[in-house]
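Working through the structure, step by step
These are the residues of each chain, in order.
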Amino acid sequence: MNFSEVFKLSSLLCKFSPDGKYLASCVQYRLVVRDANTLQICQLYTCLDQIQHVEWSADSLFILCALYKRGLVQVWSLEQPEWHCKIDEGSAGLVASCWSPDGRHILNTTEFHLRITVWSLCTKSVSYIKYPKACQQGITFTRDGRYLALAERRDCKDYVSILVCSDWQLLRHFDTDTQDLAGIEWAPNGCVLAAWDSCLEYKILLYSLDGRLLSTFCAYEWSLGIKSVAWSPSSQFLAVGSYDGKVRILNHVTWKMITEFGHPATINNPKIVVYKEAEKSPPLVLGRLAFPPPRAAAGPLSSTESKYEVASVPVSLQTLKPAPDRANPRIGIGAMAFSPDSCFLATRSDSVPTAVWIWDIQKLRLLAALEQLSAVRCFQWDPRQARLAICTGGSKVYLWSPAGCVSVQVPGEGDFQVLSLCWHLSGDSLALLSKDHFCLCFLETEQGVGTAFGQRGDHT
Amino acid sequence: MGDWMTVTDPGLSSESKYISQYTSETKMSPSSLYSQQVLCSSIPLSKNVHSFFSAFCTEENIEQSISYLDQELTTFGFPSLYEESKGKETKRELNIVAVLNCMNELLVLQRKNLLAQENVETQNLKLGSDMDHLQNCYAKLKEQLETSRREMIGLQERDRQLQCKNRNLHQLLKNEKDEVQKLQNIIASRATQYNHDMKRKEREYNKLKERLHQLVMNKKDKKIAMEVLNYVGRADGKRGSWRTGKTEASFFLRNEDEMYKILLNDYEYRQKQILMENAELKKVLQQMKKEMISLLSPQKQKPRERADDSTGTVISDIEEDAGELSRESMWDLSCETVREQLTNSIRKQWRILKSHVEKLDNQVSKVHVEGFNDEDVISRQDHEQETEKLELEIQQCKEMIKTQQQLLQQLATACDDDTTSLLRDCYLLEEKERLKEEWSLFKEQKKNFEKERRSFTEAAIRLGLERKAFEEERASWLKQQFLNMTTFDHQNSENVKLLSAFSGSSDRDNPTVHSRPRQKKPHGAPSGSPVCMSKLTKSLPASPSTSDFCQTRSCVSEHSSISVLNTTPEESKPNQVGRECTNQKWSVASRPDSQEGGYSGRSSTYANSHVEKDDLP
């Protein structure tokens, strides 16, 4: 495992292009595009103000930089560096900007969710979509980029509009039986839309592409409801994480619940492997200190190393007591992610912030649990295989695979606090983002990288 | 006080004494008065009271005391101490008899009283103790009563308190319920209020948004614009086209078409997947079915015998089904038609399998129960190991048997002669055994025969000797008779001789026989000796014939025994039974007169001759 040089970064804005060739990163008002393999700078763009949002177009030809403070969107072309485009939303303001799947339209949401403006790069046309709902996840495109589903609010009722992306025509418009729609999400096959209510009510509705209601699911009443929703890549399962600390898996045939994954604080089943991160202070062996001074001692001194230990059951995990008088209590399933082969599901319960639970979907049971020393910030599956990368805001990155678990120290002067990470689509490299810097972690291919940049550290 | 009194005046003390005496005695008798007078006047103070009292009657007051006593006694119902006086003037005489009687009576009374007193005292004691006991009991019971009363009061108090508490709690509960109801009402009202407000706010917000939208959009904001260097082509290469009223409808239709196409594709994909899954499941089902049939068919003989008709019919159904369903074409039919059949057959098979498994389970459990009944529980593993071992052994034994059978067959085919001889030997051995037994039997019989023969020979020898003696006797007798014709005196002495000779041969064996002829001969001899003579002479040829017969018989027996000895077992076998029979007849015939019989027979013949002799005259 090799690590690249550390590069500057701001606002955690660092993205691989969809084709995997480039890596865009932002430093204040500058946008830097590098080759994803060599990390050589390909292009350097300068925006008018600090960049707050960056997004690649689906064909990897354009990059969108949103400057929300100014109400501006600047678009850059990778092929034609001299080409530029600037969209000014003026006094209407800007709170969100995104590409349409065809990569030729930009959807800007104005302040107060007054409307969504659809700007075309092909023609000078502008379309408006009124009454978008200000919610957690109000816009969703199908995987194939044909359709857009949009949550709307009119006359105190929730609606969903399905639009055809090619010409922004309204295909379907229907009201949803929700109190306060919180989010919508297409199934990966683009035929089923999941819509769920706000946390005050446990309710998830499933709509067909043609607007028919397929099913509704309600696990319980009178308690805080859904916190997170995730489709399996095969569209077979819908995982619904809720505030009661459980994940419920629905199937795609009857839309009934298959199973329920609880997240208990103690694990008793001896079949479950519990990896516990354990700190290990550098061993103070006299022989080692004497002569010759070893490389580890000469190199950057990592104050604490850590390793995984397989804890023997029963294991009790650290739990947080939620403050009942605060809004958004730290309970429930805050994050879920299916592995690309739909075989595993990784979850994080907010009341047990240091643990990641990995469930076996084929056997519908808990497979492993990872307990970190600090709260889990982010985890993401390798897009090619069942490999999960986890970061906890420390100077380490953790990898889990069915074969085992590994904790890797990120080398570098000072502390490199990994706040977020994102995989290259080949699964060969991993971008690790800290507050001010980022570096790449190469997992498989060492040649080329090593010659170009030199090995910054070798932790295997 | 007494001390103090004695210290003071003796007169005073005497006075007090007097008073005390008076108080105790005043009502008892007038004599006491007198005595007091005496005491006061004459009797010195040194005399003690007791001695003074003992002197109730003095010389002076005899009369008075007698009269007093008389008075007292009469008042008590005793007869008067005085004799009946005729005249009043005459002085009454003291009747000593009456006095004595009275005294005696008094003494008796006294004794009685004493006894009664004693009884009363003991009763009193008893009663006193009873009383004490009862009092104790009473006290105890009283205490108990008190404590229980106290307890009861305490319990009542507690009960009261609890009831009070309960009432309070009820009240509290009621209050709480009311509170809850109130709160629920409040919540509901708040919720409605909140919803209402929310809606109002949202409407206001929407209005504001609308207004803002109008304001922002109508301002003709110069800023809202897009600066593009040059427009780029579409990703799909098409040119962007403006929507017009005409095209919109067609666009819409096209979009609908596309949407439905996508949906259709999805459904088709899913159907295909389901079909594939179905096919796989069918395959699995078929395989399972086949396996089930193959599993169940070897057992079908047993269940048919064992269980009732249902299983049998089911099995036959299965066989039919198997025949039907094994045809591949059936599987390609839509599920509708096959499903019922298939599910039914599977269900039946499953039922059979289940019952079979249950039966096995029962057996296992039975075995287990039996196993558990034993003291040491054999673990299942051990059991299985044991059964395996036993099975192995059985297998080995079977193999052994098989090989042995094979070897035997081989031998039979390879060397016939040997085997036959062997077989014969086998049979002969058996026979030998039997023959041995017979042999031993024969030996015993032979021994018997030998004994008999010996006895016979002895008898024959004796007979020979006797005959000789007889002949001699006869000769002598004839000679004597011959001589008798000449002199009769000689005859007697000769007769005695003959008799002695006769007895000499047989006296040790048969005394009766020995004595009889002695006694009878003298009788018959004088009476009818000539007749007897003639008779004897007549019978003489017969006697040797009997002895001859005996001899021949013994000879025959001798010969037969010898022949038995000489014959080899093989040869003797066929004749054996017959000879044995003759032997037995023989033995039966001979045994009653083995040694003595011979003589008795002879004696009988003699007796007969004697009888004849007796009858003759």
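Since we're looking at a predicted model, the values are computed, not measured.

1. Description of the overall build of chain B
A count of helices and strands for chain B gives 18 helices and one strand. Across the 617 residues in chain B, those meeting the buried criterion constitute 19%. A separation of at least 24 residues holds for 58% of the contacts in chain B among residues at least 6 apart in sequence. When the accessible surface of chain B is totalled, it reaches about 48500 Å², and 57% of it is carbon and sulfur.

2. Digging into a negative patch on the surface
A cluster of acidic residues, Glu430, Glu431, Glu433, Glu437 and Glu438 of chain B, forms a negative patch on the protein surface. With respect to the helices and strands, glutamate 433 of chain B occurs in helix α13 (residues 416-484).

3. Quick look at the sheet that holds strand β6 (residues 41-46) of chain A
All names here are of chain A. Pairing is antiparallel in the open sheet, where four strands are placed in the order β3-β4-β5-β6. For this open sheet the edge positions go to β3 (14-16) and β6, each flanked by a neighbour on one side alone. The average angle at which neighbouring strand axes cross in this sheet is 15°, direction not considered. The pairing of strand β4 (residues 22-27) with strand β5 (residues 30-35) spans six bridges and is antiparallel.

4. As for a positive patch on the surface
Residue and element names in this part refer to chain B. Among the surface-exposed residues, Lys443, Lys447, Lys451 and Arg454 lie close enough to one another that they form a single positively charged patch. Structurally, lysine 443 can be placed in helix α13. Owing to a relative accessible area of 47%, lysine 443 belongs among the partly exposed residues under this scheme.

5. Considering the interface of chain B and chain A
Contact residues are listed per partner, giving 43 residues for chain B and 52 residues for chain A. In total, chain B and chain A occlude about 4400 Å² of area from one another, counting both sides; carbon and sulfur atoms represent 55% of this. The tally of links between chain B and chain A comes to four salt bridges. Ionic pairing is found between arginine 172 of chain A and glutamate 256 of chain B, a salt bridge with its closest N-O pair at 2.6 Å.

6. Description of the packing of aromatic side chains
Residue and element names in this part refer to chain A. Evaluation of the coordinates by the stated rule reveals 16 aromatic pairs over all chains. On the basis of an interplanar angle of 35° and a centroid distance of 6.1 Å, the ring pair of phenylalanine 62 and tryptophan 99 is categorised as tilted. Of this pair, phenylalanine 62 sits in strand β8 (residues 62-67) while tryptophan 99 is found in strand β11 (residues 96-99), placing the two residues 37 residues apart along the sequence. Tryptophan 99 shares its class with phenylalanine 62; the two are buried. Centre to centre, the rings of tryptophan 231 and tryptophan 255 are 5.9 Å apart; their planes meet at 90°, and the pair counts as edge-to-face. On the criterion of sequence distance, the pair formed by tryptophan 231 in strand β23 (residues 226-231) and tryptophan 255 in the loop between β25 (246-251) and β26 (257-262) is long-range, its members being 24 residues apart. Connected via pairs of aromatic rings, a cluster forms that spans Phe62, Trp83 and Trp99. In this structure, arginine 34 is placed above the aromatic ring of phenylalanine 7, and the distance from its NZ or CZ to the ring centre is 4.0 Å.

7. Examining the confidence of the model for chain B
Residues and elements named next belong to chain B. For chain B, the mean per-residue pLDDT works out to 69, and 54% of the residues sit at or above 70. Residue range residues 1-49 is modelled with pLDDT below 50. Its contacts to residues more than four positions away, or to other chains, number 20 contacts. When the criterion is pLDDT under 50, residues 493-617 qualifies, and its contacts beyond four places in sequence or with other chains add up to 99 contacts. Note on the complex model: pTM 0.58, ipTM 0.74.

8. Side note on the pattern of salt bridges
Once their charged atoms are close, side chains differing in charge can pair, the charge on each being opposite to the other. Summed over all chains, the structure comprises 28 salt bridges over all chains. With a closest N to O distance of 3.0 Å, glutamate 210 of chain B and lysine 130 of chain A form a salt bridge. Pair noted here: glutamate 210 of chain B is in helix α6 (residues 96-218) and lysine 130 of chain A is in strand β14 (residues 126-130), and the two residues belong to different chains. For lysine 130 of chain A, a relative accessible area of 29% gives the class partly exposed. With its nearest N and O atoms 3.5 Å apart, the salt bridge here joins lysine 246 of chain A to glutamate 260 of chain A. Here lysine 246 of chain A is found in strand β25, whereas its partner glutamate 260 of chain A is found in strand β26, with 14 residues between them in sequence. Among the ionic contacts, a cluster of salt bridges with common partners joins Lys133, Arg153, Asp158 and Asp180 of chain A together with Glu202 of chain B.

9. Focus: helix α5 (residues 62-75) of chain B
Residue and element names in this part refer to chain B. Between its first and last C-alpha, α5 extends 20 Å over 14 residues, near the 20 Å set by a 1.5 Å rise per residue. Restricting attention to buried positions, one finds in α5 the residues Ser65, Ile66, Tyr68, Asp70 and Leu73. Just beyond α5, the residue with positive phi is glycine 77, at close to 95°.

10. Points about the pairing of strand β17 (residues 157-164) of chain A
All names here are of chain A. Burial within β17 is extensive, with seven of its eight residues counted as buried. Looking at chain direction, strand β16 (residues 147-154) and β17 are connected through eight bridges and run antiparallel. Counterpart to leucine 150 in the pairing with β17 is serine 161. Counted between consecutive antiparallel strands, the loop separating β16 from β17 contains two residues, among which aspartate 155 sits at a positive phi close to 50°. Direction of pairing for β17 relative to strand β18 (residues 169-175): antiparallel, over a ladder of six bridges.

The rules behind each value
- Residues numbered from 1 in each chain as written.
- Chains lettered and ligands numbered in written order.
- Predicted model: local features only at pLDDT ≥ 70, side-chain atom pairs only at ≥ 80, totals over all residues.
- Heavy atoms only, no water.
- Helix = DSSP H or I, 4+ residues; strand = E, 2+ residues; numbered from the N terminus.
- Buried < 20%, exposed > 50% of the residue type's maximum accessible area, 1.4 Å probe, protein only.
- Contact = heavy atoms within 4.5 Å.
- Areas by Shrake-Rupley, 256 points an atom, 1.4 Å probe, with all protein chains shown as cover.
- Patch = residues over 30% accessible without salt bridge, like charges linked within 9 Å, V, L, I, M, F, W, Y side chains within 5 Å.
- Salt bridge = Lys/Arg side-chain N within 4 Å of Asp/Glu carboxyl O.
- Lys, Arg positive; Asp, Glu negative; His and termini not counted.
- Charge placed at Lys NZ, Arg CZ, Asp CG, Glu CD.
- Pairing = 2+ DSSP bridges.
- Axes fitted to C-alpha atoms, helices over the stretch in contact; angles between N-to-C directions.
- Buried area = accessible area lost by both parts, 1.4 Å probe.
- Phe/Tyr/Trp six-rings, centres within 6.5 Å; stacked < 30°, edge-to-face > 60°.
- Lys NZ or Arg CZ within 6 Å of the ring centre and 35° of its normal.
- pLDDT = per-residue confidence, 0-100.
- Expected span 1.5 Å × (residues − 1).

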